[in-house]
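Listed below, chain by chain, are the residues.
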Amino acid sequence: MNPRSKTIALITGATGGLGTAMCQKLSRDGYTVVANYRNETKAQEWKAKNKELGFDFNMVKGDVTDFDDMGRMMAEVKDAFGGVSILINNAGITRDTPIWKMTKEQWHDVISSNLNSVFNCTRHVIEDMIEQGFGRIINISSVNGQRGQFGQVNYSAAKAGMHGFTKSLAMEVAKKGITVNTISPGYIGTDMVMAIREEVRNKIVEQIPMGRLGGTEEIAHLVSFLASEKAAYITGANYAINGGQHVY
Ligand code: CAA
C-alpha cells in the first residue's frame, strides 16, 4: 500500500472551534489535513489566521447537507491528494428551542447538517477505504445525543442517530481495516456553547462535576488517537468526554 494513503485526513466543518483544534493536532501529527468549509469569507480569514500560527491547511469548499456536492468535493480531494483515509464528520449546527416553538426548517436544518451529512460524506469515501484496506471514520456527536437536552429535540435526535450509524457501519467494514467510532463531547468552550445565554450556560456549568467547560484540544487528542494505527482494535465505540456531566 502507498504509505501516503494512510495520511489524508478530511475534517468537515473545519473552521469551527473543534474542527480547528483537530486540524492543528492532526497537522502536528504529520497528516495531510484537508479542511472542509462552507462560508468563503470565514474560511479565508481562518486560513490566514492559521498561517500566522504556522499551519498551511488545504481547503475544500462543500455543503455537507448536499449529497451530490459531497460527491464532487470528495472527487476533487482524491484528484488533488489521493483518497481520504481519515474522515472526521464534525460539521454541525444548533437551532435550539422547545418543540412547541420549533419550525419545520429548524428540525430539517439540524437533521441535514448533523446527521444526513454523515451519510453524504461517508458514502463517497467508503469504497476507496475498502479498496485500500484502511480507514478511520470518526463521528463527532454530543453528550446531548446520549442524555437529551431541553430545547434540542432536533440536535439530540441527530446526535443519537450518528452513533447508530457508527455501530452499524463498524460492523459492515470491520474486516476491511476500517474503524468507525463516535466521540461525544460535553460542553466545550466553542462559539456554539458560548452562544447559549449566559445565565443558562452558567447553570449548565454548575451541573458539570469538574466545574468547567472542556477545551477543544481535549477532544482533538482523542481524535488523534482514534485516527492512529494504534487504535486498530477499537470500533463501534462511543467515547464520552464531558467532565463527568453524564456518567452511565
Ligand atoms: N429543564 C426544564 N425546564 C427548562 C429547562 C430545562 N433544562 N430550560 C428551560 N426550562 C424552562 C424554563 O424554566 C421556562 O419555564 P417557564 O416558562 O415555566 O418559566 C421555559 O422552559 C422557557 O425557558 P427559557 O426562558 O430559557 O426559554 P427560551 O425559549 O428563551 O430558551 C432555550 C429556550 C433556547 C432552549 C434555552 O433554554 C437554552 O438555550 N437552553 C440551553 C440549550 C443547550 O444546552 N444547548 C446546547 C448548545 S451547545 C451544543 O449543543 C454543543 C453540545 O453538543 C453540548
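Residues numbered from 1 in each chain as written. Predicted model: local features only at pLDDT ≥ 70, side-chain atom pairs only at ≥ 80, totals over all residues. Heavy atoms only, no water.

Undergrad: Residues and numbers for the site of the ligand, please.
TA: Close to the ligand lie 18 residues; Asp 96, Lys 101, Ser 142, Tyr 155 and Tyr 187 are nearest. Gln 149 has a polar side-chain atom sitting 3.4 Å from an oxygen atom of the ligand. Within the side chain of Tyr 155, an N or O atom sits 2.7 Å from an oxygen atom of the ligand. In the complex, the protein chains occlude 58% of the 1,100 Å² of accessible area that the ligand would expose alone. Elements represented by at least two residues in the shell around the ligand include exactly α8 (191–194) and α9 (198–206). Per-class residue counts for the shell around the ligand are eight nonpolar, seven polar and three charged. (Near = heavy atom within 4 Å. Polar contact = N/O pair within 3.5 Å; in protein donor to acceptor, adjacent residues only side chain to side chain. Areas by Shrake-Rupley, 256 points an atom, 1.4 Å probe, with all protein chains shown as cover. Helix = DSSP H or I, 4+ residues; strand = E, 2+ residues; numbered from the N terminus. Nonpolar A, V, L, I, M, F, W, Y, C, P; charged D, E, K, R; others polar.)

Undergrad: Give a detailed account of helix α10 (residues 216–227), specifying residues and quantitative values.
TA: Taking 1.5 Å of rise per residue, the 12 residues of α10 would be expected to cover 16 Å, and the 17 Å separating its terminal C-alpha atoms lies within 8% of that figure. Among the structural elements, α1 (17–28), β4 (86–89), β5 (135–140), β6 (178–185) and β7 (238–241) are those in contact with the buried residues of α10. (Expected span 1.5 Å × (residues − 1). Contact = heavy atoms within 4.5 Å.)

Undergrad: Before we move on, could you go through α9 and cite the residues and values that matter?
TA: For α9, the full list of buried residues reads Arg 201, Ile 204 and Val 205. Down the axis, α9 shows its buried residues gathered within 100 degrees of arc, on one side only. The outward face of α9, more than 90 degrees from its buried face, is lined by the exposed residues Lys 203 and Glu 206. Taken together, the buried residues of α9 touch α8. (Buried < 20%, exposed > 50% of the residue type's maximum accessible area, 1.4 Å probe, protein only. Arc of directions from axis to C-beta.)

Undergrad: How would you sum up the nonpolar core? Please name residues and give values.
TA: With 27 residues, the main nonpolar core has Met 22, Leu 26, Ile 88 and Val 223 as its most contacted residues. Of all elements in the fold, only β1 (8–11), α1, β2 (32–37), β4, β5 and α10 reach the threshold of two or more residues within this core. Counting residues per element, this core draws most heavily on α10, which supplies six residues. Aside from chain neighbours lying at most four places away, what touches Met 22 is Ile 11, Ile 88, Asn 90, Ile 140, Ile 219, Ala 220 and Val 223. Val 60, Cys 121, Ile 126 and Ile 137 belong to the second-largest nonpolar core, a separate cluster that totals 22 residues. (Core = buried A, V, L, I, M, F, W, Y, C linked by side-chain atoms within 4.5 Å.)

Undergrad: So what about the packing of aromatic side chains? Which residues, and what values?
TA: Following the criterion strictly, the structure yields four aromatic pairs and no others. On the numbers, 5.4 Å between centres and 10 degrees between planes, the contact of Phe 55 with Phe 57 is stacked. Neither Phe 55 nor Phe 57 differs from the other in exposure class; each is buried. Judged by centre distance (6.3 Å) and plane angle (80 degrees), the rings of Trp 100 and Phe 150 are edge-to-face. Here Trp 100 is found in the loop between β4 and α4 (104–123), whereas its partner Phe 150 is found in the loop between α6 (143–147) and α7 (153–173), with 50 residues between them in sequence. Through pairs of rings, three or more aromatic residues link up here, namely Trp 46, Phe 55 and Phe 57. (Phe/Tyr/Trp six-rings, centres within 6.5 Å; stacked < 30°, edge-to-face > 60°.)

Undergrad: Mind laying out the pattern of salt bridges, listing which residues take part and the relevant values?
TA: For side chains of opposite charge, pairing can occur when their charged atoms come near one another. In this structure the tally under the stated criterion is 10 salt bridges. Close ionic contact of Arg 72 with Glu 76 constitutes a salt bridge, the shortest N to O distance being 2.9 Å. Of this pair, Arg 72 and Glu 76 both sit in helix α3 (residues 67–81), four residues apart, which is roughly one turn of the helix. Residue Arg 72 is classed as partly exposed on the basis of its relative accessible area of 34%. Owing to a relative accessible area of 40%, Glu 76 belongs among the partly exposed residues under this scheme. Connected through salt bridges with shared partners, the residues Lys 47, Lys 51 and Asp 56 form a single ionic network. (Salt bridge = Lys/Arg side-chain N within 4 Å of Asp/Glu carboxyl O.)

Remember, this is a structural readout, not a statement about activity or role.
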